[in-house]
Amino acid sequence: MAIVLASILDADWSKLADEIRDVDRAGVDGFSIDIMDGKFVPRTTFGPKDVSDIRNLTNVPIEVHLMVSNPENHVESYCDAGADQVVFHIEAANDPLSIIDSIHARGLRAGIAILKETPLDKLSDDVLKSIDALTIMAVTVGFGGQKPSSETVQRIIEIRERAKEINPNLFVVIDGGMKPDNCSEFVQAGADAVVIGTGIYHASNYEEAIKTTHQNIDPNEPVSKKRIEGLLAIPSKNRSEK
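Residues numbered from 1 in each chain as written. Predicted model: local features only at pLDDT ≥ 70, side-chain atom pairs only at ≥ 80, totals over all residues. Heavy atoms only, no water.

(A) Spotlight on the pattern of salt bridges. Under the criterion given, the structure shown has 10 salt bridges. The partner of Asp 53 in a salt bridge is Lys 49, with the nearest N and O atoms 2.9 Å apart. Highlighted residues: Asp 53 and Lys 49, both in helix 2 (residues 48-55), separated by 4 residues, approximately one helical turn. Judged by relative accessible area, Asp 53 falls into the partly exposed class, the value being 33%. A residue is classified by how much of its surface remains accessible, and Lys 49, at 57% relative accessible area, is exposed. The partner of Asp 84 in a salt bridge is Arg 55, with the nearest N and O atoms 2.9 Å apart. (Salt bridge = Lys/Arg side-chain N within 4 Å of Asp/Glu carboxyl O. Helix = DSSP H or I, 4+ residues; strand = E, 2+ residues; numbered from the N terminus. Buried < 20%, exposed > 50% of the residue type's maximum accessible area, 1.4 Å probe, protein only.)

Below, the structure written as structure tokens:
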């Protein structure tokens, strides 16, 4: 099985609180918040206050995806804003192991993201065995609505093979180009979660879009439940009864 994370990048920002609540009620497993600084990618999006506000609207897990330069300067504020999993880009980090340790020290899950253009050997074994999650980008970062790269499936397979011995519980997320009707092949290759933006937020019926996605990522797929439960079960100090 796999889970669905909704990317709020493609929500209607003019009524974001309603968009969060509606997708939460529609059955999404969690939210992914893309933090862009206008430097690492050519857009500027959300800040720590936005993450804190979203945390107050939902009790499902929140992943913060830092698409920023010098992530070590941003990790602390986003950890404290209410994230359950903080992901940063290997391409932007001078000392990824130090950043991973900083996230873990705050009791949160640490993840690395890798651009579709970056060779997988950019991820050292030390980094791979230290992280809880790996986000494999399937599109050029910064913009929604793209089709996933044809190389993504093979990249998932390669990472799963590498992680088999050094980090068998690695949680693999596919981000970019995911739709309710095209994500099954990525899950079959070994992904544990798919991030969906326009496929949910541009759908006429959020509940139907999420239901279709869950059906297409086959709940009987023989993927380790432990990897998935690692995110779903983590207790966030920032959650409260909504």
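Still more to cover.
(B) Broad picture of the sheet that holds strand 2 (residues 30-36). Sheet architecture is closed into a barrel: 8 strands sit in the order 1-2-3-4-5-6-7-8, paired in parallel fashion. Within this sheet the neighbouring strands show an average axis-to-axis angle of 25°, counted without direction. Relative to strand 8 (residues 193-196), strand 1 (residues 3-7) is paired through 4 bridges, and the arrangement is parallel. Note on strand 8: the bridge partner recorded for Ile 3 is Ala 193. (Pairing = 2+ DSSP bridges. Axes fitted to C-alpha atoms, helices over the stretch in contact; angles between N-to-C directions.)

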